[in-house]
Amino acid sequence: MALLLPQTILHAQKIIPVHGEYTYIVPGNESLDQAKVTALERAKISILADTFGTVVGATSTITVSSENDSSDIS
């Protein structure tokens, strides 16, 4: 019995070094450790958005059908 599997070749994307600066004003109810984590996460998002841009999209579909006094919503 022979088993044939398709061959998949993957290539890494080009590496692009990025850098930036982000200022985070710590609210009074947040610990310093949590503030550092939040600032780092937001800095990463901001720098990536500045470098590569952002795309935001959403799609919603509602289908309503009625037949013989009964309805179906999906």
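Anything mentioned here points back to the structure above.
Residues numbered from 1 in each chain as written. Predicted model: local features only at pLDDT ≥ 70, side-chain atom pairs only at ≥ 80, totals over all residues. Heavy atoms only, no water.

1. Points about the overall build of the chain
A tally of regular secondary structure across the chain gives one helix and two strands. Within the chain, the proportion of its 74 residues that are buried is 8%. (Helix = DSSP H or I, 4+ residues; strand = E, 2+ residues; numbered from the N terminus. Buried < 20%, exposed > 50% of the residue type's maximum accessible area, 1.4 Å probe, protein only.)

2. Observations concerning the environment of Glu21
Residue position: Glu21 is located in the segment before helix H1 (32-52). As for Glu21 and Lys44, which are separated by 23 residues in sequence, their C-alpha atoms are 9.5 Å apart.

3. Here we look at H1
Spanning 21 residues, H1 covers 30 Å between terminal C-alpha atoms, matching the ideal 30 Å at 1.5 Å per step. All of the buried residues in H1 are Ala35, Thr38, Ala43 and Ile47. The buried residues of H1 all sit within an arc of 160° when viewed along its axis, so they share a single face. Away from the buried face of H1 by more than 90 degrees, exposed residues Asp33, Lys44, Ile45 and Phe52 are located. (Expected span 1.5 Å × (residues − 1). Arc of directions from axis to C-beta.)

4. What to know about the side chain of Glu30
Structurally, the position occupied by Glu30 is in the segment before H1. Buried Glu30, no salt bridge; nearest opposite-charge side chain is Arg42, N-O distance 6.8 Å. Side-chain polar atoms of Glu30 contact the side chain of Tyr24, separated by 2.6 Å. Contacts of Glu30, omitting those with residues within four sequence positions, involve Tyr24, Ala35 and Thr38. (Lys, Arg positive; Asp, Glu negative; His and termini not counted. Salt bridge = Lys/Arg side-chain N within 4 Å of Asp/Glu carboxyl O. Polar contact = N/O pair within 3.5 Å; in protein donor to acceptor, adjacent residues only side chain to side chain. Contact = heavy atoms within 4.5 Å.)

5. Structural notes on a nonpolar patch on the surface
A contiguous nonpolar patch, built from Ile16, Val18, Leu48 and Phe52 and spanning about 360 Å² of accessible area, is present on the exposed surface. With respect to the element layout, Leu48 can be found in helix H1. Look at Leu48 and you get partly exposed, because its relative accessible area is 43%. (Patch = residues over 30% accessible without salt bridge, like charges linked within 9 Å, V, L, I, M, F, W, Y side chains within 5 Å. Areas by Shrake-Rupley, 256 points an atom, 1.4 Å probe, with all protein chains shown as cover.)

6. Some details on the environment of Ala43
Within the secondary structure, Ala43 is located in helix H1. Judged by relative accessible area, Ala43 falls into the buried class, the value being 14%.

7. Observations concerning the side chain of Thr38
Looking at the element boundaries, Thr38 is found in helix H1. Each residue touching Thr38, except ones within four places of it in the same chain, is listed here: Tyr24 and Glu30.

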